[in-house]
Amino acid sequence: MSIDFIKHQAIIEKFRGVVNKAGFDNKFNAVAARLPKTEKFLLKMELKRLAGPCTRVIDLRGLVDGECQLFDYQGQSHFLDDVAINVFKENVKVYGGYTFGVYEAVKNTENNFRNIYKNESTKVNTSNLNVKVKSGLEKKQYSAKLYQFDNYPDRLEERMNFAVAIEITVAGSKAYQATTVDISKTGLKFRIKEVPVLRVGDDVNITFKGLEQEFHFGKDSLFIYRVENLLRDSSTQLIGCKRLDIPEKDGFSQFLQGFIQGNKRRYKVNLDNTIQSIQARSFEQYAMVKLNELPVFVQQQGNALHPRYALTTQNNQNIFQYWQNEKHHSTLNYLINSERIARIIEAQKKGQPLIVYSFINQHQGSDFFYSIDSIQASNDLSFLKEFIGFAAKKTSFAVSLLTIQKVNKEKIYSPFTLSNVSTKQQYLNAPPSTEVVESMASLSNIVVIKEVTNQENIKQYQEFDYQNIDKQKIKRFGHSRSTEKLEINEIGINYRNQRQEPRFKYKTPVEIECQSVIWKGNSEDFSVSGLKVNLTVPAQLIKGDIVYLSFPKLQQITSSFDLKKLPYKVVRINKSKTTINLRVSVKEHQHIGRSFFKLLIAKNKDKLTPDEYAMLTPGLAEALRTSYAVGLDNATLAVQSSGSRYKIESLLLGADYVEQGAESLLEQMKRLSDRKGFYNLYPLLSNLTAITSLETQLKKLIADDLAITETLYVAINPDHESVDKSVTTKLVSEFNSPELTRFFIKKSLKQGLFFSLQVKLSRTDSPQMEYLNPELSYISTYAIHRGKQIEQDIWSVAGILEVFDVTQETLMCYKLQEDAPS
């Protein structure tokens, strides 16, 4: 007969640890008097079982959300995290020793992944209650953990968690006793007391005392290891070492390889670096495809710098298209050139972006670009104010922030953390070829363009008086039209190989018909299964529409194919509705267009010009994407669903992110946190109106929608210790007049720090799990509950929140309003 002891948990808690004490029977009988005899007997046996001595070793590595360490109790070693250690000590005190009650309490802590996974399903039912309880309390800590892109430690060998006694000597010193934490074929990590003090690069001699029964060492019992890394706390050192001088046929290496292979399920493989990798890698995948800024890679050509590659997404496509002329040729060299790059570097030395104000004038069917930056006009603010007032009246007015970073050529590849990847999976993450490395070698910098124009600043700028502007002076900031086409590749960021066929440049007239409306244009490029068309007038089409194409000029050269009203599906259309990407729409019959273009390519392959993207070196797009991800310095937050609510607990940055000084927003959020190593997002999330607005809009967004933007003003007074008194966050829309806005800015600057932030929210699409599965499967093999939890976390990401710091642009506007004469 079995019994559910959960309903008797109160009795078990009352009598745990006292079953062997005098008076237990009388007290127990009094409490359990109403229970059936059989049930009372089984409950009494359960209490005795929990109080019985236990000899089992507890190893929680990979099973709990915490960092496990070696914990000794009466000569027996366990691997427990801080939570488990506290539970262990508390229960040992109650039971008077290590019993099954202690064992089961430690194995069932609240941060055990099994319990976390189980409890997720109950959050939906309790979320409404939690909201009511917390609504009366002022929340001051919005803790976020930092995840860094490309910070993935590469491990060439499997490392097994294994505690074994070793003896070490350093430079002829006396022998010290230590215990390994984990071990691999050519490396190990061990814990030792503070003396001797070891440093990276030191060589140590190690004898494996605890393996003498498993392996016959003979005369070669001493091995030389070099210290590669170390961690120190108040009493111990955690030392990571790599073995030196390994003979070609080394018996001990072969023994360790077989020992790990045969025991890794028993002792568990160390998964820390793989877990760290897949968490950051999954966030990287979500964040990179939703970039709102435009990264442009700059190439050195002689003494000049020129833009060469632009990484585009759906959110930043408008920036790339803005800097195109009427022929759809890129004019990014007007915005980014050697002279302006020098000024970007000058501004960045002061911890500021370079602000660029621009507009486009159309004359006789041609586009003429004008731009001025904050350093160019620093000595003539009167003219700058007039220029901005004049430009802001035009629909093409734009304000851009430019920053620059070096291309880290050492970090263009982020390998899997697995020691062996199957042949079938190697194509997912192949190392860069020699051609890719050579292509990256010519790139010096990445210029990052943030387009920050919005209705609030346009309205302010339009109030600037420009009646007396010197129009001849404006012409000095016009860019001379070039007859040569700029060689710059637009590279879409994605984690799928979406282009499955060669694409060729070809211009021919096209007519598109949908619901009896006809639009005319010309093809830009084509493949067997699709094409891109530029229209003369905007088309009222959306993604997913079925349209019918006719090719009048191509029809004149063939009688074998009927090239009229061929069905195609709209797969992408730009914001101005003039550039459309189409794919063949096939139902039950063969598509004539596909057959025609297949034959056209086959007969004219030598004459057709391949699309520039298709001519890119294979693997270059991935190298460029990784290079930018490593240096990402824009605060990005992952919005994850938790039951019926959203949570924001993950801060995303590049591994090469450089701290921007104590007065930066990120450093302030770190200072405001009460948890070491975490960031307090209070300045971003404390405004209830803003958060409610963003949550409401997120529920309405779909993955194909552009990002929505809210602007926040944040004041931080460092003199106040209390977070809620130190930080004030306001939506710009909360200010009823320009006077109130200027008063808030002036007061914030006087009392401490002021930040103007554009918060851009995007709905995420499904993750590309094929790219994540190798590491996820490896984790699940050795820690299935942890694997399930990680996979659940990956799928829980609902949105990406990018935070643009536009403080300098806001302050420049404020300065022009206050100081510059009209």
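Scroll up to find the structure.
A quick note: this is a predicted structure, and the numbers were derived from the prediction, not measured. (Residues numbered from 1 in each chain as written. Predicted model: local features only at pLDDT ≥ 70, side-chain atom pairs only at ≥ 80, totals over all residues. Heavy atoms only, no water.)

**So, helix α9 (residues 272-288)**
Along its 17 residues, α9 runs 24 Å from first to last C-alpha, staying within 8% of the 24 Å computed at 1.5 Å per residue. Burial analysis of α9 places 15 of its 17 residues in the buried class, the great majority of the element. (Helix = DSSP H or I, 4+ residues; strand = E, 2+ residues; numbered from the N terminus. Expected span 1.5 Å × (residues − 1). Buried < 20%, exposed > 50% of the residue type's maximum accessible area, 1.4 Å probe, protein only.)

**Regarding the pairing of strand β11 (residues 294-301)**
Burial analysis of β11 places six of its eight residues in the buried class, which makes it a mostly covered element. Relative to strand β16 (residues 443-451), β11 runs antiparallel, the two being bridged by six bridges. Within β16, the position partnered with L294 by the bridge is I449. Sheet topology places β11 next to strand β12 (residues 304-312); six bridges connect them, and they run antiparallel. Within β12, the position partnered with Q301 by the bridge is A304. The antiparallel hairpin formed by β11 and β12 contains two residues in its connecting segment, where G302 sits at a positive phi of about 70 degrees. (Pairing = 2+ DSSP bridges.)

**Re the pattern of salt bridges**
With the rule as written, the count across this model stands at 17 salt bridges. Among the salt bridges present, the one from R343 reaches D373, with a minimum N-O distance of 2.7 Å. With R343 in helix α12 (residues 338-349) and D373 in strand β14 (residues 366-373), the pair connects residues that are 30 residues apart, well separated along the chain. No difference in accessibility class separates R343 from D373, as the two residues are buried. D704 is the partner of K543 in a salt bridge, and the nearest nitrogen-oxygen pair spans 3.1 Å. One end of the pair, K543, is in the loop between β21 (530-535) and β22 (546-550); the other, D704, is in the loop between α23 (688-700) and β29 (708-716), with 161 residues separating them in the sequence. Overall, D704 belongs to the partly exposed group, its relative accessible area being 37%. (Salt bridge = Lys/Arg side-chain N within 4 Å of Asp/Glu carboxyl O.)

**Details of helix α18 (residues 592-604)**
Helix length check: α18, at 13 residues, gives a terminal C-alpha distance of 18 Å against a target of 18 Å (1.5 Å per residue), a fit within 8%. Considered for burial, the residues of α18 that qualify are G593, F596, F597, L600 and I601. Across the axial projection of α18, the buried residues extend over an arc of 130 degrees, all falling on one side. Projecting away from the buried face of α18 at angles above 90 degrees are the exposed residues K598, A602 and K603. Looking at the packing, one finds that the buried side of α18 touches β18 (504-505), β20 (517-526), α17 (552-555) and β23 (566-573). (Arc of directions from axis to C-beta. Contact = heavy atoms within 4.5 Å.)

**Comments concerning the nonpolar core**
Ranked by internal contacts, the top residues of the largest apolar core, which has 47 residues, are F297, M440, L624, Y628 and L652. Residue contributions to this core peak at seven residues, all from helix α26 (residues 769-782). The residues touching Y628, leaving out its near neighbours within four places in the chain, are M288, L291, E293, P295, F297, L311, Q405, I446 and V448. Within the second largest apolar cluster, 39 residues are counted, among which are L651, L712, V723 and V727. (Core = buried A, V, L, I, M, F, W, Y, C linked by side-chain atoms within 4.5 Å.)

**Digging into the packing of aromatic side chains**
All told, the structure shown has 36 aromatic pairs when counted by the stated rule. Each ring, one from F383 and one from F477, has its centre 5.7 Å from the other, and the planes form 25 degrees; the classification is stacked. Note that F383 is positioned in helix α13 (residues 381-392) and F477 in the loop between α16 (471-475) and β17 (489-492), a separation of 94 residues in sequence. Taken individually, F383 and F477 each receive the classification buried, so the pair is uniform in this respect. Aromatic pair F596 and F597: ring centres 5.4 Å apart, planes at 70 degrees, arrangement edge-to-face. Overall, F597 belongs to the buried group, its relative accessible area being 3%. (Phe/Tyr/Trp six-rings, centres within 6.5 Å; stacked < 30°, edge-to-face > 60°.)

**Focus on the sheet that holds strand β28 (residues 678-680)**
Pairing is mixed in the open sheet, where eight strands are placed in the order β28-β3-β27-β26-β32-β31-β29-β30. The sheet terminates laterally at β28 and β30 (727-731), the two strands that pair on one side only. On average, adjacent strands in this sheet sit at an angle of 35 degrees to one another, irrespective of strand direction. Relative to strand β32 (residues 797-805), strand β31 (residues 753-763) is paired through seven bridges, and the arrangement is antiparallel. What sits directly across from V759, in β32, is V803. Here α9 sits on the sheet in contact with β3 (143-149), β26 (636-642), β27 (645-654) and β32, set at roughly 85 degrees to β3. (Axes fitted to C-alpha atoms, helices over the stretch in contact; angles between N-to-C directions.)

**Thoughts on the sheet that holds β12**
Reading across from one edge, β14-β13-β15-β16-β11-β12-β17 is the order of the seven strands in this open sheet, with mixed pairing throughout. With partners counted over all chains shown, the strands left at the sheet margins are β14 and β17, one partner each. Taking each pair of neighbouring strands and ignoring which way they run, the sheet shows an average axis angle of 30 degrees. Where α12 meets the sheet, it contacts β11, β12, β13 (354-363), β14, β15 (398-406) and β16, and its direction lies at approximately 80 degrees from that of β15.

**Thoughts on the packing of α9 against α26**
Where α9 contacts α26, the axes come no closer than 10 Å and their chain directions differ by 155 degrees. With respect to α26, the axis of α9 lies roughly antiparallel. Relative to α26, α9 is oriented so that their crossing is left-handed. Residues T274, I275, S277, I278, R281, S282 and Q285 of α9 pack against Y771, L772, E775, L776, Y778 and I779 of α26. (Parallel < 35°, antiparallel > 145°, perpendicular 65-115°, else oblique. Left-handed = near helix turned anticlockwise from the far one by under 90°.)

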